[in-house]
Amino acid sequence: MNKTVGTIWNETLEFIRDNVDEQCYATWFIPIKPVKNQGSVLTVQVPSKFFYEYLEENYIQLLKAGITKSLGEGAKLVYSIVLENTYDNSNPPTMKLPSSGRRKHKPQSVHMPVALANEKSIKNPFVIPGLQKLNIDSQLNPNYTFENFIEGDCNRLARSAGMAVGKSPGGTAFNPLMLYGGVGLGKTHLAHAIGVEIKDNYQEKTVLYVSAEKFTQQFIDSIRNNTKNDFVHFYQMIDVLVIDDVQSFSGKEKTQDVFFEIFNHLHQNGKQIILTSDRAPVELQGMEQRLLSRFKWGLSADLQKPGLETRVAILGKKLYNDGIEVDDDIVEFIAYSINSNVRELEGALISILAQSSLNKKEITMELVKSMVDKFVKSTTREISIDFIQKVVCDYFDMPLELLKSKTRKREIVQARQLSMYFSKQLTKNSLASIGQQCGNKDHATVLHACRTVNNLKETDKRFKTYVDDLQKRLTLA
Ligand code: ADP
Ligand code: MG
């Protein structure tokens, strides 16, 4: 009697479920889809190449046992991998594997990058005066733990990959681990949680959390102070390096070069690298190809907007941590009304709690409704420098390259100054970072730009129209 592919897979799953814990089952087996069965060969579809690799590294024996149980001796497994544009498309979409024996697959062949050819000249980092391995402050936020990071469909893969890295830094296929997703969805929290977990498990490991922006600033300072070697050495002796918001490396070639050098050194020495980005690697503009290809070596896992249930659970956890009791229907109402991201959800909760404690009012549905109403109206989208530059370039019908170039032509200087002015007005970026992103200028140039725009809009009517038009386009979008 021939079984259908569905039956075979269900039987296999049943067997697997008895042998792994719930979370692992949900993370690594539920997403697998049975595709077809021909003779003794079962084809299943997995969501990504890394998913397949993880299964191969960790669960191949289990899968084999399960499939053999359902299909009989000699059963074979073939994976079909859903191609994501996050990964190099150079690999064929299906990989045939013998289902017996363990094979370890590296995503790509690792070849010696040119940048490391002059490694000889690098001094032993441990003899640099003032730098002692044990004295590095990890810069981790102890509240950002896995415990406090609520699991949901929106973050299951990222969270579970993060936990795997936390248990075995440098020892999984997830190196680098790239976490990406929109603002306020938990990238920073999760990146810290991995660091905190590693520190718990391995006190001796040097973990360092740093934002890409701070890394860039340190690098620039090191050039200025003639201490670039120390800078590189310092980073090369870290065991676990967490770099937050790597999208801000965009367009900064020198910083990318130095990061590339550090990345290669760490990776080759089995050190763990964790990165976050506000967009998928494939969408990172202004990033050198060789660096992008490094980002794709490990796993890229995205964080999505949490669904209603997860939002309720997140609010529940925050309230519990604060020791505050609020009716379930109120919690649900907040979760239902604020669906943009977790940061705003938290923001709404905090303002409600503040209101009630300031005015000594009970948290009633009425209070919550009026607060949520205000909150939803007043929260505006976070605006990025990229977005400002795009709007300004569209407005003046000018290519972005020109805006970022060194040209001193009047119209272009003006557009550049307007971009800087709005970046200062509408984002939280520092003058230095705005300058960096607007054609590699220093903070004094940005300051000058802001003054010029302020002056011109008072004295020049046409210029004032530009400012007003742009203001509208930027804030109503
Ligand atoms: P991002 O770095 O993606 O912009 P953050 O990590 O700063 O986002 O998260 C914003 C806020 O939301 C933080 O206070 C974080 O603790 C909280 N948060 C995000 N996701 C979760 C989650 N799954 N469970 C609990 N809190 C979360
Ligand atoms: Mg963040």
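Structural data are supplied above this passage.
Below, the structure is looked at part by part. (Residues numbered from 1 in each chain as written. Chains lettered and ligands numbered in written order. Predicted model: local features only at pLDDT ≥ 70, side-chain atom pairs only at ≥ 80, totals over all residues. Heavy atoms only, no water.)

## Structural notes on the side chain of Ser277
Now for step 1: Within the fold, Ser277 resides in strand 8 (residues 272–277).
Now for step 2: For Ser277, a relative accessible area of 0% gives the class buried.
Now for step 3: Residues in contact with Ser277, not counting those within four places in the same chain, are Met178, Leu179, Tyr180, Gly181, Lys187, Val246, Gln247 and Leu284. (Helix = DSSP H or I, 4+ residues; strand = E, 2+ residues; numbered from the N terminus. Buried < 20%, exposed > 50% of the residue type's maximum accessible area, 1.4 Å probe, protein only. Contact = heavy atoms within 4.5 Å.)

## A short note on the sheet that holds strand 9 (residues 299–302)
Now for step 1: Sheet architecture is open: five strands sit in the order 6-7-8-5-9, paired in parallel fashion. Here the strands that pair on one side only, and so sit at the sheet edges, are strand 6 (207–211) and strand 9. Sheet twist, expressed as the average angle between the axes of neighbouring strands with direction ignored, equals 15°.
Now for step 2: The sheet contact formed by strand 6 and strand 7 (residues 240–244) spans five bridges and is parallel. (Pairing = 2+ DSSP bridges. Axes fitted to C-alpha atoms, helices over the stretch in contact; angles between N-to-C directions.)

## Let's talk about the site of ligand 1
Now for step 1: As a structural note, the neighbourhood of ligand 1 is formed by 18 residues, with Gly184, Lys187, Thr188, His189 and Glu346 the closest of them.
Now for step 2: Within the backbone of Gly184, an N or O atom sits 2.7 Å from an oxygen atom of ligand 1.
Now for step 3: In this structure, an oxygen atom belonging to ligand 1 sits 2.8 Å away from a side-chain N or O atom of Thr188.
Now for step 4: Coverage of ligand 1 by the protein amounts to 93% of the 560 Å² it exposes when considered alone.
Now for step 5: Mapped onto the shell around ligand 1, the elements with two or more residues apiece are helix 6 (187–201), helix 11 (308–322) and helix 13 (342–358).
Now for step 6: Grouping the constituent residues of the shell around ligand 1 by class yields seven nonpolar, seven polar and four charged.
Now for step 7: Looking at which domains feed residues into the shell around ligand 1, each of domain 2 (133–303) and domain 3 (308–379) gives three or more. (Near = heavy atom within 4 Å. Polar contact = N/O pair within 3.5 Å; in protein donor to acceptor, adjacent residues only side chain to side chain. Areas by Shrake-Rupley, 256 points an atom, 1.4 Å probe, with all protein chains shown as cover. Nonpolar A, V, L, I, M, F, W, Y, C, P; charged D, E, K, R; others polar. Domains from an automatic or database assignment.)

## Some points on a negative patch on the surface
Now for step 1: Together, Asp327, Asp328, Asp329, Glu332 and Glu362 line one region of the surface with negative charge.
Now for step 2: Tracing the backbone shows Asp329 in helix 12 (residues 328–337). (Patch = residues over 30% accessible without salt bridge, like charges linked within 9 Å, V, L, I, M, F, W, Y side chains within 5 Å. Salt bridge = Lys/Arg side-chain N within 4 Å of Asp/Glu carboxyl O. Lys, Arg positive; Asp, Glu negative; His and termini not counted. Charge placed at Lys NZ, Arg CZ, Asp CG, Glu CD.)

## Structural notes on the packing of helix 7 (residues 212–224) against helix 8 (residues 228–236)
Now for step 1: Packing of helix 7 against helix 8 brings their axes to within 7 Å, and their N-to-C directions diverge by 145°. Contact residues: helix 7 offers Phe215, Gln218, Phe219, Ser222 and Ile223, while helix 8 offers Lys228, Phe231 and Tyr235.
Now for step 2: Counted by class, the contact of helix 7 with helix 8 contains five nonpolar, two polar and one charged residues.

## Topic: the packing of helix 17 (residues 410–426) against helix 19 (residues 443–459)
Now for step 1: Following both chains from N to C, one finds helix 17 and helix 19 inclined at 100°, their axes separated by 8 Å at the closest point. Between helix 17 and helix 19, the angle is such that the two are roughly perpendicular. In this structure, helix 17 uses Gln414, Gln417, Leu418, Met420, Tyr421 and Lys424 to contact helix 19, whose residues at the interface are Thr445, Val446, His448, Ala449, Cys450, Thr452, Val453, Asn454, Leu456 and Lys457. (Parallel < 35°, antiparallel > 145°, perpendicular 65-115°, else oblique.)

## Side note on unusual backbone geometry
Now for step 1: Pro176 follows Asn175 through a cis peptide bond whose omega is 5°.
Now for step 2: One can find Pro176 in the loop between helix 5 (156–167) and strand 5 (177–180).
Now for step 3: For Asp397, which is not a glycine, the phi torsion comes out positive at approximately 50°.
Now for step 4: Along the chain, the position of Asp397 falls in the loop between helix 15 (385–396) and helix 16 (400–404).
Now for step 5: Unusually for a residue other than glycine, Asn440 sits at a positive phi of about 60°.

## Observations concerning the pattern of salt bridges
Between side chains of opposite charge, a pair can form when the charged atoms approach closely.
Now for step 1: Inspection of the entire model under this criterion finds 14 salt bridges.
Now for step 2: Between Asp257 and Arg290 there is a salt bridge; the shortest N-O distance is 2.8 Å. One end of the pair, Asp257, is in helix 9 (residues 253–268); the other, Arg290, is in helix 10 (residues 289–295), and 33 residues separate them in sequence.
Now for step 3: Judged by its relative accessible area of 31%, Asp257 is partly exposed.
Now for step 4: The class for Arg290 is partly exposed, based on a relative accessible area of 33%.
Now for step 5: Among the ionic pairs, Asp468 bridges to Lys464, the shortest N-O distance being 2.9 Å. A residue pair is termed a helical-turn pair when its members lie 3 or 4 positions apart in one helix, as Asp468 and Lys464 do in helix 20 (residues 461–476) at four residues.
Now for step 6: For Asp468, a relative accessible area of 33% translates into the label partly exposed.

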